Amino acid sequence: MTKSTFSLSNSLGLLALLLIMIALPFAIALFDGQSPAAVLGSETGSAKFIQGLLIEVFILAIYALSYDLVLGVTGLLSFGHAMFFAVGAYWTGIAFKSLGWGVGVTLLALVAAAVVQALLFGVVLARVKGITFALVTLGLASVFHIIIQATEFSTYTGADVGLQGVVVPEWIDTVDQRFRFYVIALLATFGFYLLYRRFVDSPTGRVCVAIRENEERALALGYNTFYFKLIALLLASITAAFAGFLHTVHQPIVSPNVASLGFTVAALLMILIGGVGTLSGAILGAAVFRLLEYYLERWFGPSASFLLGLIYIGLVFFLPYGIIGTWHISGFRLKGVTWLLERGRSQN
Amino acid sequence: MAPLLETHALRREFGALVAVADVSMQVEQGTLHSIIGPNGAGKTTFFNLLNGTLKPTSGRVLFKGQEITHLPVHRTAHLGIGRSFQITNIFPNLSVFENIRLAAQALGSDNFKLFRPFHRFKTYIERAEAVVDLVGLSAQADQPARILPHGAQRKLELGMILAPDPELLLLDEPTAGMASEQVPELIALIQNIQQKGNKTIMLVEHNMNVVMNVSDKITVMNYGQVLAEGAPQEIADNEAVQTAYLGELYSPE
């Protein structure tokens, strides 16, 4: 009755996975006939390349996790989630390039910016629900998308070309210090995952789940549901902004696409692939999303997006609860997609 | 002694329809006060006004002498007014135990402990275990609420209102849709709770045998107004009530 999601075997499994991920670049270097020690220097070759690809997976995973907290756990359908990521990405770029700030100050200011935008979404949250909330958040994000492309601010944002020429502090420069940055991104992913697990398992997180299940009932029990939804948004906003920070450091350019509706839909796709409301599904979904996209493009060229579409249709058809969700279906822990479908139906 | 709950000329209009028309009522502490009346008499709307689900058009609601007319529903819950629903209203995909545990946690002061596992908060766990036992759902405690049969869901609904230990329970047709052979068990449970815990219960119910047997006082509503009020026998003997409502449902003989 009172089981926790934290068990010893669970923790050992996670630790093993973490160690394997840290060892992976060395193994690839060895396989390539390079010295494993080369990974620590500014090595080239496939070990470096695959680390780069995995860093992108980690960044998307953190971003998808934050969307899963909003949609999958708390049940808030936001179509403006890309803005949470884009604020982090642009802010980091502007702080490094135009303001010449260090990493510490930039991150502190980033948290402040994330809190402000979550409060902005909170103002909407206090007034509208369901599909109206989705549309208003879409509107907010679109305004942001337009502002960063406006020529008036092009000295800061680069307008529709995007933010280029960002100078990243040397110690996390992903060209020279790829392995270091790989480990940072890996640890951040694990850290956020554990933090989110912990949150969902807390009295507060449990109320968020209750709100997704039946908000009217949660109110009648005496929960002021607004504050719980706001907490979920705050946590997600800070998380996604951090993913945006890693994105800018890694690239180090920022395209206005990260503020587009398409990038919110990408998050939706990732958690649908992995399993809505499962957290681990968000990470797995991000990996499938990015790796499929990359390898299909490499193998099939321009027809890749057609194949991707087919694969996604197949996934939704055969794994309607996502990979993790369908895996768990024997229990009843996974309810994300049914919930989403039912909600869609009841609103028609 | 002052009544636990009183309303003064409480009124709610939906456009031209007057659902509750200037109802003044007093509910004494420790009694089981039933509200009966034909469908559409305004009973459920009256409940919605009492606990803040709906705002009244005019009039006042006092709980323990304190004005609660304009308090939202999550505030009245904290004052000790619990409410169950006519249509089963639960968290369908959460376990029976978690449904009741959430109800127990609601009025505590740990709702904003963001990063400590819920199972460390033993008070709510123990309270939920006791309530699951009380309403007789121990065997189903780990099942998702949605797969329970209807009768068991009604018990769960009762458990969710009992978990925070409210002083006043507003029960809106707790036996709605239950098989008739299950009704006595639930009613016995409600009576037991009221007498042992010295609770005040307001009950909306259509089963007249139940109402006549368990009530200390009955208020009859019709077209949003109070038609009659009194002890069960007085209501059964009241001619106006017989014509408007009871005629086909209950006769004292």
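Residues numbered from 1 in each chain as written. Chains lettered and ligands numbered in written order. Predicted model: local features only at pLDDT ≥ 70, side-chain atom pairs only at ≥ 80, totals over all residues. Heavy atoms only, no water.

**As for the pairing of strand β1 (residues 5-14) of chain B**
Residues and elements named next belong to chain B.
No. 1: Note: β1 against strand β2 (residues 17-27), seven bridges, orientation antiparallel. What sits directly across from E13, in β2, is V18.
No. 2: Linking two consecutive strands that pair antiparallel, namely β1 and β2, is a turn of two residues; a positive phi of about 60 degrees is found at G15 within it.
No. 3: Where β1 and strand β4 (residues 58-63) come together, five bridges link them in antiparallel fashion. Along β4, the bridge assignment pairs E6 with L62. (Pairing = 2+ DSSP bridges. Helix = DSSP H or I, 4+ residues; strand = E, 2+ residues; numbered from the N terminus.)

**Quick look at the sheet that holds strand β8 (residues 200-204) of chain B**
All names here are of chain B.
No. 1: Spatially, the six strands line up as an open sheet ordered β6-β7-β8-β3-β9-β10, and their pairing is mixed. Edge positions in the sheet fall to β6 (81-84) and β10 (225-230), since each of these pairs with one other strand and no more. Strand after strand, the sheet turns through a mean of 15 degrees between neighbouring axes, direction not considered.
No. 2: Sheet analysis places strand β3 (residues 32-36) next to β8, joined by four bridges and oriented parallel. Following the sheet pairing, I35 is matched in β8 by V204.
No. 3: Against the sheet, helix α1 (residues 43-50) engages β3, β6, β7 (168-172), β8 and β9 (217-222), with an angle of about 145 degrees to β8.
No. 4: Across the sheet, helix α9 (residues 239-246) lies against β3, β9 and β10, angled at about 125 degrees from β10, the strand it touches most. (Axes fitted to C-alpha atoms, helices over the stretch in contact; angles between N-to-C directions. Contact = heavy atoms within 4.5 Å.)

**Points about the packing of aromatic side chains**
The geometry of an aromatic ring pair comes down to the distance between the two centres and the angle between the two planes.
No. 1: Considering all chains together, one arrives at 19 aromatic pairs over all chains under this definition.
No. 2: Taken together, a centroid distance of 6.2 Å and an interplanar angle of 25 degrees make the contact between F179 of chain A and Y182 of chain A stacked. Here F179 of chain A pairs with Y182 of chain A, and both are found in helix α7 (residues 178-200), just three residues apart, close to one helical turn.
No. 3: Assessed through its relative accessible area of 13%, F179 of chain A is described here as buried.
No. 4: Owing to a relative accessible area of 0%, Y182 of chain A belongs among the buried residues under this scheme.
No. 5: On the numbers, 5.6 Å between centres and 50 degrees between planes, the contact of F192 of chain A with F242 of chain A is tilted. Of this pair, F192 of chain A sits in helix α7 while F242 of chain A is found in helix α9 (residues 225-250), placing the two residues 50 residues apart along the sequence.
No. 6: The structure contains a cluster of three or more aromatic residues connected by ring pairs, namely F26, F58, F179 and Y182 of chain A.
No. 7: Taking NZ or CZ as reference, R206 of chain A lies 3.7 Å from the ring centre of F118 of chain B, over its face. (Phe/Tyr/Trp six-rings, centres within 6.5 Å; stacked < 30°, edge-to-face > 60°. Buried < 20%, exposed > 50% of the residue type's maximum accessible area, 1.4 Å probe, protein only. Lys NZ or Arg CZ within 6 Å of the ring centre and 35° of its normal.)

**A word on the interface of chain A and chain B**
No. 1: Taken together, the contact pairs 32 residues of chain A with 42 residues of chain B.
No. 2: Here chain A meets chain B over a buried area of about 3300 Å², counting both sides, of which 65% is carbon and sulfur.
No. 3: Joining chain A to chain B, the criterion identifies two salt bridges.
No. 4: Here R217 of chain A and E157 of chain B are joined by a salt bridge, their closest N and O atoms 3.2 Å apart.
No. 5: Counting across the interface, chain A meets chain B through 18 residue pairs in polar contact (both at pLDDT 80 or more).
No. 6: Sorting the residues of the side of chain A that touches chain B by element identifies α7, α8 (203-221) and α9 of chain A as the ones contributing at least two each.
No. 7: The element contributing the most residues to the side of chain A that touches chain B is α8 of chain A, with 14 residues. (Buried area = accessible area lost by both parts, 1.4 Å probe. Salt bridge = Lys/Arg side-chain N within 4 Å of Asp/Glu carboxyl O. Polar contact = N/O pair within 3.5 Å; in protein donor to acceptor, adjacent residues only side chain to side chain.)

**A look at the sheet that holds strand β5 (residues 66-67) of chain B**
All names here are of chain B.
No. 1: Strand order in this open sheet of four strands is β2-β1-β4-β5, and the pairing throughout is antiparallel. Strand pairing shows two members of the sheet lacking a second neighbour, β2 and β5, which therefore form its edges.
No. 2: Here β4 runs beside β5; their pairing, made up of two bridges, is antiparallel. Its bridge partner being in β5, L62 is matched across the sheet by E67.
No. 3: Where α1 meets the sheet, it contacts β1, β2 and β4, and its direction lies at approximately 115 degrees from that of β1.

**Considering the side chain of S66 of chain A**
All names here are of chain A.
No. 1: With respect to the helices and strands, the residue S66 is situated in helix α2 (residues 46-73).
No. 2: Relative accessible area serves as the criterion here: at 0%, S66 is assigned to the buried category.
No. 3: At 2.8 Å, the side chain of S66 and the side chain of H81 are in polar contact.
No. 4: S66 has contacts with H81, Y196, A236, T239 and A240, leaving out every residue within four places of it along the chain.

**Here's the deal with helix α3 (residues 81-97) of chain A**
No. 1: Taking 1.5 Å of rise per residue, 17 residues should cover 24 Å, and α3 of chain A covers 25 Å from first to last C-alpha, within 8% of that figure.
No. 2: Judged by how many residues are buried, α3 of chain A sits mostly within the fold: 15 of 17 residues are covered. (Expected span 1.5 Å × (residues − 1).)

**Quick look at empty space enclosed by the protein**
No. 1: Applying the stated rule across the entire model yields two cavities of 30 Å³ or more.
No. 2: By volume, the largest cavity is sized at about 80 Å³.
No. 3: Lining the largest cavity we find R217, A220 and L221 of chain A together with A77, I81, G82, R83, L107, M160, I161, P164 and P166 of chain B.
No. 4: Split by residue class, the lining of the largest cavity holds nine nonpolar, one polar and two charged.
No. 5: The volume enclosed by the second largest cavity comes to roughly 40 Å³.
No. 6: Around the second largest cavity, the lining residues are L272, I273, L315, V316, L319 and G322 of chain A. (1 Å grid on protein atoms, 1.4 Å probe; cavity = no way out; pocket = protein on both sides within 12 Å on 5 of 7 lines; lining within 4 Å. Points joined across faces, edges and corners; volume = space filled by probe spheres on them. Nonpolar A, V, L, I, M, F, W, Y, C, P; charged D, E, K, R; others polar.)

In short, the description is geometric, and any link to function would need to be established separately.
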